[in-house]
Amino acid sequence: MNCYCGINAVSRVNVKNQASFYCAKGKCSFYKEAQTSYLPRTLPNMGQIIPSIQQQHHQNVPSSTIGVMNTSTVSTLGHNSNVVIHKGSPVDLSFSIYNFEHNNSELCIWISVSFGYQPPITKVLESYTEKNAKYNPRSKIWIILLDVYEKFVSTLLSDQFKNIVRVKELPRFLPKGLKWYREIHHKMREVSQSNEEIELKLTEHFYDMVLPYQLEGIRFIIRHHGRGLIADEMGCGKTCQVIGVLMHYRHLWPALIIVPSEMVANQWRKELFKFMGNLIKDEDVHIVKSGTHDAKGKICLISYSMLDRVNAKNNTLQGYKVVACDEAHSLKNTDSKKAQNAIPLLKKADVAVCITGTPQPNRPKELYALCNALAPKFFSNYDDFTGRYCDRKLTCRGRDKSGWDVDGSSNEDELSKLLSEMIMIRRMKATVLNDLPIKDRVHIYVEPDEGMKIELQASKSTFDELKKKANSWNENERMRKQNEIDAATTRLWTVTGRAKIGGIIKEIKRLLHDAQIGRGEDEVAHNQALAN
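Residues numbered from 1 in each chain as written. Predicted model: local features only at pLDDT ≥ 70, side-chain atom pairs only at ≥ 80, totals over all residues. Heavy atoms only, no water.

Asker: Let's hear about the overall build of the protein: which residues, and what values?
Answerer: Each helix and strand in the protein was counted, giving 18 helices and 17 strands. When the 532 residues of the protein are sorted by exposure, 42% land in the buried category. Contacts in the protein between residues far apart in sequence, at least 24 positions, make up 63% of those at least 6 positions apart. Accessible surface, the protein: about 30000 Å² in total, of which carbon and sulfur atoms supply 50%. (Helix = DSSP H or I, 4+ residues; strand = E, 2+ residues; numbered from the N terminus. Buried < 20%, exposed > 50% of the residue type's maximum accessible area, 1.4 Å probe, protein only. Contact = heavy atoms within 4.5 Å. Areas by Shrake-Rupley, 256 points an atom, 1.4 Å probe, with all protein chains shown as cover.)

Structural data, given as structure tokens:
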């Protein structure tokens, strides 16, 4: 009997002497049932269906007549019936990426094999050399190398095993993509080099301003062929790492930096001059402020909204070989204008760097856009991604156009390993605390105006008077007047805060004025606007 896929159907007999038939690979919805009868075990060509001892005892059937199916009953299920009869229930066997092992320039990709107790499968795994397969006693699973995966699957799908195991293979894109990744990994010279051996094309001025873990982030991008996601926790200095990557690949300039807004573009401009020093001049950094883009300067800054206007009018942004995206988590929706405008630029660039402080989305499907932008040859198909990592289910009320529900999650651990290995580096403040500079706390004393001095003194006098009276109150009086004390305390805190406002504004203006030294006219005007 064949299922809808055209392959032999698998059968199972329960304790009620009923046989059920279904797809051997679980790919189609084929399912049929039939009542069987026991025959003497003198028909070796029929195979064996041997229930457990508990089932034999429950049925009270002599062991000499257990487990052989009546072919006349089965034949009524189909004209070309070819029934596969097996011993016991087949076990489910599945695969998952276990880890990536780096040995100098060699990359070994291990795949875990999960299955129930089945000695024949264990014997096959034991037949491989320890270099290709081994048992992990800690996690109690077998792991095999990617090189022997196809051979192992081929063995399990042979006639010898088809009655004892149901194999759930890895999606085709995974073995194919892993082989591609390993191949380009071996071709890169930087892969076999340690962090200290990778030559960074940075200035001495830049080295003096960054911390060791930030240099490690730059080397991570270089080791991954100039493509990656820097997802450090907020406050770890992601901007300077992107600037370091731009500096290393300056032979590929001009560079394009996509930012959330024009205000952020001005902040980026300031950071570029701060870390690059004399490497760039004022006219080398250009901020796009209109839909008519004039591609001047070595580094171009553009907001996501302006990017949409420029793409609508011309196609002059397609030639950038170095592209960086700030706040890249805003690209999570592949149907949004931001994603549709930015992702093609990232995919076509030789160097593509994204940064975000919040890389953890609500659902795995929101990671696909970034994965596709930074590793388009591996994460090339949306259906493959959602089928493996989004627990995709067919539903009549699907949330996307195809009728699939992809809001779930599956194989989360495997996806995390792929991201960490291929495109993403993430450090938390707690892990790099030793590299961070000591906080410099400075007390700045401000002088309130005369009106605030009078109001502040009145509030303080009221508070001090209540506090003095409270010393003579008994417990009942203190409880009755507690609200009065709390109100006086809150009043004093409020007036104290208002008294500092004038001094704080003066200090901010002073800092903005100091920051204007050596900056361009656009930034000076921006800072003056903030000060006013």
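Asker: Give a description of helix H11 (residues 337-348) that names residues and reports values.
Answerer: Spanning 12 residues, H11 covers 18 Å between terminal C-alpha atoms, matching the ideal 16 Å at 1.5 Å per step. Taken together, the buried positions of H11 are Ala339, Asn341, Ala342, Ile343, Leu345 and Leu346. (Expected span 1.5 Å × (residues − 1).)

Asker: Before we move on, could you go through the sheet that holds strand S9 (residues 227-230) and cite the residues and values that matter?
Answerer: Within the open sheet, the 7 strands sit side by side as S11-S12-S10-S13-S14-S9-S17. Their pairing is parallel. Across the chains shown, the open sheet's two edge strands, defined by having one partner strand only, are strand S11 (285-287) and strand S17 (424-425). Bridge analysis of strand S10 (residues 255-259) against strand S12 (residues 299-303) gives 5 bridges, and the strand direction is parallel. By the bridge assignment, Ile257 is partnered in S12 with Leu301. Relative to the sheet, helix H8 (residues 238-248) contacts S9, S10, strand S13 (322-325) and strand S14 (351-355), its axis offset from that of S14 by approximately 175°. (Pairing = 2+ DSSP bridges. Axes fitted to C-alpha atoms, helices over the stretch in contact; angles between N-to-C directions.)

Asker: Residue-level account of the packing of helix H5 (residues 173-187) against helix H14 (residues 412-422), with values.
Answerer: What describes two packed helices is the angle between their axes and the distance between those same axes. Between H5 and H14, whose axes approach to 13 Å, the crossing angle comes to 20°. Classified by the interaxial angle, the pair formed by H5 and H14 is roughly parallel. Once H5 is placed against H14, the crossing between them reads as left-handed. In contact with Leu174, Leu178 and Tyr181 of H5, H14 contributes Glu414, Leu418, Glu421 and Met422. (Parallel < 35°, antiparallel > 145°, perpendicular 65-115°, else oblique. Left-handed = near helix turned anticlockwise from the far one by under 90°.)

Asker: Hey, could you go over the packing of aromatic side chains for me, with residue numbers and the actual values?
Answerer: Here the distance between the centres and the angle between the planes together describe a pair of aromatic rings. Going through the model one piece at a time under the given rule, you end up with 12 aromatic pairs. Between Phe100 and Tyr181 the ring centres are 6.4 Å apart and the planes differ by 85°, which places this aromatic pair in the edge-to-face class. Within this pair, whereas Phe100 is found in strand S4 (residues 91-103), its partner Tyr181 is found in helix H5, the two being separated by 81 residues in sequence. For the pair Phe100 and Tyr181, a shared accessibility class is recorded, and that class is buried. With centroids separated by 5.9 Å and ring planes inclined at 70°, the aromatic side chains of Phe379 and Phe385 adopt a geometry described as edge-to-face. Exposure class is identical for Phe379 and Phe385. Each is buried. The structure contains a cluster of three or more aromatic residues connected by ring pairs, namely Phe173, Tyr368, Phe378, Phe379, Tyr382, Phe385 and Tyr389. One residue, Lys134, lies across the ring of Trp110, its end atom 4.5 Å from the ring centre. (Phe/Tyr/Trp six-rings, centres within 6.5 Å; stacked < 30°, edge-to-face > 60°. Lys NZ or Arg CZ within 6 Å of the ring centre and 35° of its normal.)

Asker: Please provide a residue-by-residue account of unusual backbone geometry, values included.
Answerer: If a residue is not glycine, its phi is most likely negative; likewise, a peptide bond is most likely trans. Looking along the chain, the bond that leaves Trp253 and enters Pro254 is cis, with omega of 15°. With respect to the secondary-structure elements, Pro254 resides in the loop between H8 and S10. For His225, which is not a glycine, the phi torsion comes out positive at approximately 65°. Within the secondary structure, His225 is located in the loop between helix H7 (212-223) and S9. The backbone phi angle of Asn411 is positive, close to 50°, even though this residue is not glycine. On the accessibility criterion, Asn411 (30% relative accessible area) is partly exposed.

Asker: Could you give an account of the pattern of salt bridges, naming the residues involved and the relevant values?
Answerer: Side chains that carry opposite charge are capable of pairing whenever their charged atoms lie near each other. Summed over all chains, the structure comprises 18 salt bridges. With a closest N to O distance of 4.0 Å, Arg363 and Glu366 form a salt bridge. When its relative accessible area of 13% is taken as the criterion, Glu366 is described as buried. A salt bridge links Asp464 to Lys460, with the shortest nitrogen-to-oxygen separation between them at 3.0 Å. Of this pair, Asp464 and Lys460 are both found in helix H15 (residues 450-470), 4 residues apart, which corresponds to roughly one turn of the helix. (Salt bridge = Lys/Arg side-chain N within 4 Å of Asp/Glu carboxyl O.)

Asker: How would you sum up the pairing of S14? Please name residues and give values.
Answerer: Counting buried residues along S14, 5 of its 5 residues qualify, which places the element largely inside the surrounding structure. By the alternation rule, side chains of S14 split into Val351, Val353 and Ile355 and Ala352 and Cys354, which are all buried. For S9 and S14, the ladder comprises 4 bridges, and the chain directions are parallel. Its bridge partner lying in S14, Ile230 is registered against Ile355. Two elements, S13 and S14, share 4 bridges in a ladder whose sense is parallel. The residue of S14 that forms the bridge with Cys325 is Cys354.

Asker: Break down a nonpolar patch on the surface for me, citing the residues and quoting the values.
Answerer: There is a patch of nonpolar side chains on the surface, built from Val442, Ile444 and Val446 and spanning about 250 Å² of accessible area. Exposure remark for Val446: the relative accessible area of 30% places this residue in the partly exposed category. (Patch = residues over 30% accessible without salt bridge, like charges linked within 9 Å, V, L, I, M, F, W, Y side chains within 5 Å.)

Asker: Please set out the side chain of Asp407 residue by residue, giving values where relevant.
Answerer: Turning to its location among the elements, Asp407 is positioned in the loop between strand S16 (404-405) and H14. The exposure class of Asp407 is buried, given its relative accessible area of 18%. Within polar-contact distance, the side chain of Asp407 engages the side chain of Lys365 at 2.8 Å. (Polar contact = N/O pair within 3.5 Å; in protein donor to acceptor, adjacent residues only side chain to side chain.)

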